[in-house]
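Below, each chain spelled out in residue letters.
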Amino acid sequence: MPAAALPQLCCRRSFCTASAHNRARSSSTSMPTSSVSSYSSSSASSSSSFSFSSYGIVVPINFTVVTYNVQNYNDGPNWSLRKHLIAQIISSSSADVVALQEIRTTKQHGNNSGSDVYSENMLSDLMELLPQYCFSTYITAMKHSNGLEEGLAVISMWPIFGVNHTQLTWGGGGDLNTRICMSLTVVLRPGSCFNYSYNANDSDVCVAVANTHWSYDKDQQMRNAEDTLSYLEQQWATDNAESCHRRCSRCLGHVVAGDFNNKGSSSPAVELFESHAILGGTFQDSWKASHQSQDQPNTTSPYNATTEEESDLGFTFPTTGPVSRCDHVFTLGTASLPSLTTTNSTNSCGSGPVYPSDHCAVVAKYCTEDDSHGLS
């Protein structure tokens, strides 16, 4: 069975800051050739809203998370075109954090300097087109003998630290792919991209984020749900010194995003994930939270595949005629820990004849703090 690789942290070589009216943006000119990669910079503005605490910390009032299975370049043709369409969808979302699935690379073993050389690298391709995202991390889920790798990635406008992952139960079903769940914390403060190694301190405000891609095999999917719950309960536990709420002054919430591979609107595995309590709370599906009256079982795609009209049922797969809502963003709501409040959740699918991916992106918007609450 292929082994999962260590995380790769990338940071653009620029000074990325956040203020009440703008975030500096950087543009990429090169492909990563090592675990930590360098990029050059330019700047542009962002329309996010911010509030300030007594500490002088910049905190976004609105925090947006996107999950997007971008369809690896072997399964999905026209990557040279699709990457631009994907970047447009991500840019238009103004997401703070984007969880990406099916990120594939083709590695050619070392050059004369001993560094790895990539003939294809989906994450690098997207980062070049998304200069506003200073920070990224990638973890390989599976490797093949021909140099082909595939895994999960997260890109962020905010510094990333505490990247970790677990391998989900593999085998015993029809799915031979290796699956993982990755977790990390984003620090909502201005950061220098010269320094990619962030250690949270007593004045930091953070959000815990997890990204996963479950099996399509029903039996393995149930075990994936159990593994994910167990892993996150351990990673986010109040007695874990590396957890978001132990490392930061304020942990605003916990988010899990990804492709859960369920049919229709849900599955036994997803239902288990939503109903099983960890840390004194349960996970809430952000799309259902903002479409309570519309989440009714249905097996028929309600809209024309040639339009961008959104399904009342929030179906995300396949884009050519969606019949399944398998892409989700969950938040953990507990009585004892802060949680994000869902304000809206929408899908962005693109349109034919060439779709960006076979999945729609899910754009989940949350309210965090405002000036009346402060961060004391």
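Attention in this report is confined to the structure presented alongside it.

What counts as what
- Residues numbered from 1 in each chain as written.
- Predicted model: local features only at pLDDT ≥ 70, side-chain atom pairs only at ≥ 80, totals over all residues.
- Heavy atoms only, no water.
- Buried < 20%, exposed > 50% of the residue type's maximum accessible area, 1.4 Å probe, protein only.
- Helix = DSSP H or I, 4+ residues; strand = E, 2+ residues; numbered from the N terminus.
- Polar contact = N/O pair within 3.5 Å; in protein donor to acceptor, adjacent residues only side chain to side chain.
- Pairing = 2+ DSSP bridges.
- Core = buried A, V, L, I, M, F, W, Y, C linked by side-chain atoms within 4.5 Å.
- Contact = heavy atoms within 4.5 Å.

## Quick word on helix H2 (residues 122–129)
The element H2 is largely enclosed, with a buried count of six among its eight residues. Met122, Leu123, Ser124, Asp125, Leu126 and Met127 are the residues of H2 that are buried. Of the residues that open H2, the one with a side-chain oxygen 3.2 Å from the backbone nitrogen of Leu123 is Asn121.

## Details of the pairing of strand E13 (residues 205–213)
Counting buried residues in E13 gives nine out of nine residues, a clear majority hidden from the surface. Of the two faces of E13, the one holding Val205, Val207, Val209, Asn211 and His213 and the one holding Cys206, Ala208, Ala210 and Thr212 are both buried throughout. The pairing of strand E11 (residues 180–187) with E13 spans seven bridges and is classified as antiparallel. Bridge pairing links Val186 to Val207 in E13. Strand direction decides the pairing type here: E13 and strand E14 (residues 250–259), joined by eight bridges, are parallel. The residue bridging Thr212 from the neighbouring strand is Gly258, located in E14.

## Focus: the nonpolar core
Counting 55 residues, the largest nonpolar core has Tyr68, Leu100, Ile103, Val186 and Val207 as its most contacted members. Dropping the residues within four chain positions of it, Ile103 is found in contact with Val70, Met122, Leu123, Leu126, Tyr138, Glu149, Glu150, Gly151 and Ala153. Among the nonpolar cores identified, the runner-up in size contains 27 residues, and Leu229, Trp236, Ala237 and Phe273 belong to it.

## A short note on the environment of Val209
Mapping Val209 onto the fold places it in strand E13. Along the primary structure Val209 and Gly253 are separated by 44 residues, whereas in three dimensions their C-alpha atoms are 8.6 Å apart. The contact partners of Val209, leaving out residues within four places of it in the chain, are Val97, Met182, Ser183, Leu184, Val186, Trp236 and Val255.

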